[in-house]
Amino acid sequence: MGGLEIFGLLVILLAFAALWSTVTTVPQGMNYTVEIFGRYTRTLGPGLHILIPFMERIGARMNMKELVIDIPSQDIITRDNAMVRVDGVTFFQVLNAAKAAYEVDQLEHSIINLTMTNIRTVMGSMDLDELLSNRDTINSKLLMVVDSATESWGVKVTRIEIKDIAPPTDLVDSMARQMKAERDKRAQVLEAEGLRQAAILKAEGEKQAVMLAAEGRKEAAFRDAEARERSAQAEAEATRMVSAAIAGGNVQAINYFVANNYVKALESLAKAPNQKVIMMPLEASSVIGSLAGLAQITGEAFGANGATQPPPKPGTPRGAVPQV
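Our subject in this report is the structure included herewith.

Cut-offs applied
- Residues numbered from 1 in each chain as written.
- Predicted model: local features only at pLDDT ≥ 70, side-chain atom pairs only at ≥ 80, totals over all residues.
- Heavy atoms only, no water.
- Pairing = 2+ DSSP bridges.
- Helix = DSSP H or I, 4+ residues; strand = E, 2+ residues; numbered from the N terminus.
- Axes fitted to C-alpha atoms, helices over the stretch in contact; angles between N-to-C directions.
- Expected span 1.5 Å × (residues − 1).
- Buried < 20%, exposed > 50% of the residue type's maximum accessible area, 1.4 Å probe, protein only.
- Arc of directions from axis to C-beta.
- Contact = heavy atoms within 4.5 Å.
- Salt bridge = Lys/Arg side-chain N within 4 Å of Asp/Glu carboxyl O.
- Polar contact = N/O pair within 3.5 Å; in protein donor to acceptor, adjacent residues only side chain to side chain.
- Phe/Tyr/Trp six-rings, centres within 6.5 Å; stacked < 30°, edge-to-face > 60°.

1. Quick notes on the sheet that holds strand β3 (residues 39-44)
Thinking step 1. Overall, antiparallel pairing links the three strands, which are arranged β3-β2-β5 in an open sheet. Single-partner strands in this sheet number two, and they are β3 and β5 (56-63). Looking at each pair of strands side by side, their axes are set apart by 30° on average, direction ignored.
Thinking step 2. When strand β2 (residues 30-36) meets β3, the two strands line up antiparallel, connected through five bridges. Bridge assignment links Thr33 to a residue of β3, and that residue is Thr43.

In structure tokens:
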């Protein structure tokens, strides 16, 4: 093979290599910038592309997917002069590859420093209690500020999350004691409320018991009064019947009253607590005669109601008890 043939083969190989170098494949999720003699001309999306040989070249390879970067921890002094240590994460996505490549140098480093600065600004303007209880508010403020600042870089900051807020150890101990005291206070309040409710229920129950007892006494008094009324009616009826018998000339009715009072007097003497033995003469025949008069009055009352009664024997004195 002569020298001319070798030179031609080298030219062919160089031309093929040059042509191959102009063929570029951009993977999915990536964008490439194209430069002509160092000047940006266009952006290549995912797919196969051919560049102008010896003039165009690939400049920056930008990842268009959403990325996350860690924010290093830093010490922050709050508005009430409490020092806390804070770290977080930032989620962002490149929307314009040319701006992200040529408008800012070291994009991720710039986003980290911008986020750390705004964390100190936002959290330093809050008290410690607000800092610990309002993480969503802090995240929203940081996102608004950082996203607005990175808009000119062709970047969209999607989320900023505070991962950890670590107060000093002595401050944590003080907060723990405060929380324990607050819980003890709530427990005492709940216990006092329970005792108060129990006392109210007990008093209500006693009130109901007193009311029911009063209702019972009222009902008992009503029943006693009714019983006394009926007893008085019966006594009045008996007195009326005896009075009618006396008016009719029946002497045994008087004997009934005498015997009745006599028996009641003896009953009272027997029930007296200072009497143990009672010795007194009793005329049995007089008492029996009085009881017989009571039986005759009862019989006459039945006769007046339509019952049959045997006529008295001839020669029997008026008012005498007939012999049965």
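2. Some points on helix α5 (residues 135-150)
Thinking step 1. Between its terminal C-alpha atoms α5 stretches 22 Å, which fits the 22 Å expected from 16 residues at 1.5 Å a residue.
Thinking step 2. If you check which residues of α5 are buried, you get Ile138, Asn139, Leu142, Val146, Asp147 and Thr150. The buried residues of α5 occupy one face: seen down the axis, they fall within an arc of 140°.
Thinking step 3. Structurally, α5 contributes buried residues whose contacts are with α3 (107-124), α4 (128-133) and β8 (155-166).

3. With respect to the sheet that holds strand β6 (residues 66-77)
Thinking step 1. Taken in spatial order, the three strands line up as β6-β7-β8 in an open sheet, and their pairing is antiparallel. Each having just a single partner strand, β6 and β8 make up the two edges of the open sheet. Between one strand and the next, the sheet's axes are offset by a mean angle of 20°, whatever the strand orientation.
Thinking step 2. Sitting on the sheet, α3 is in contact with β6, β7 (83-94) and β8, with an inclination near 40° to β6.

4. Quick notes on the pattern of salt bridges
Thinking step 1. Under the counting rule described, the total for this entry stands at eleven salt bridges.
Thinking step 2. One salt bridge connects Asp184 with Lys180, and the closest N-O pair in it is separated by 3.3 Å. Here Asp184 and its partner Lys180 are both found in helix α6 (residues 169-247), four residues apart, which amounts to about one turn of the helix.
Thinking step 3. Take Asp184: its relative accessible area is 36%, and that puts it in the partly exposed class.
Thinking step 4. Each of Glu219, Arg223, Glu226 and Arg230 takes part in salt bridges that share partners, so that together they form one network.

5. Brief notes about the side chain of Asp87
Thinking step 1. Looking at the secondary structure, you find Asp87 in strand β7.
Thinking step 2. For Asp87, the side chain forms a polar contact with the main-chain nitrogen of Asp164, separated by 3.1 Å.
Thinking step 3. If we ignore the near neighbours within four places in the chain, the residues touching Asp87 are Ile71, Pro72, Ser73, Ile162, Lys163 and Asp164.

6. A closer look at the packing of aromatic side chains
Thinking step 1. This structure, assessed with the given rule, holds one aromatic pair.
Thinking step 2. With 5.5 Å between their ring centres and 50° between their planes, Tyr40 and Tyr102 make a pair best called tilted. Of the two residues, Tyr40 sits in strand β3 while Tyr102 sits in helix α2 (residues 97-102), which places them 62 residues apart along the sequence.
Thinking step 3. Taking relative accessible area as the criterion, Tyr40 reaches 31% and is therefore assigned partly exposed.

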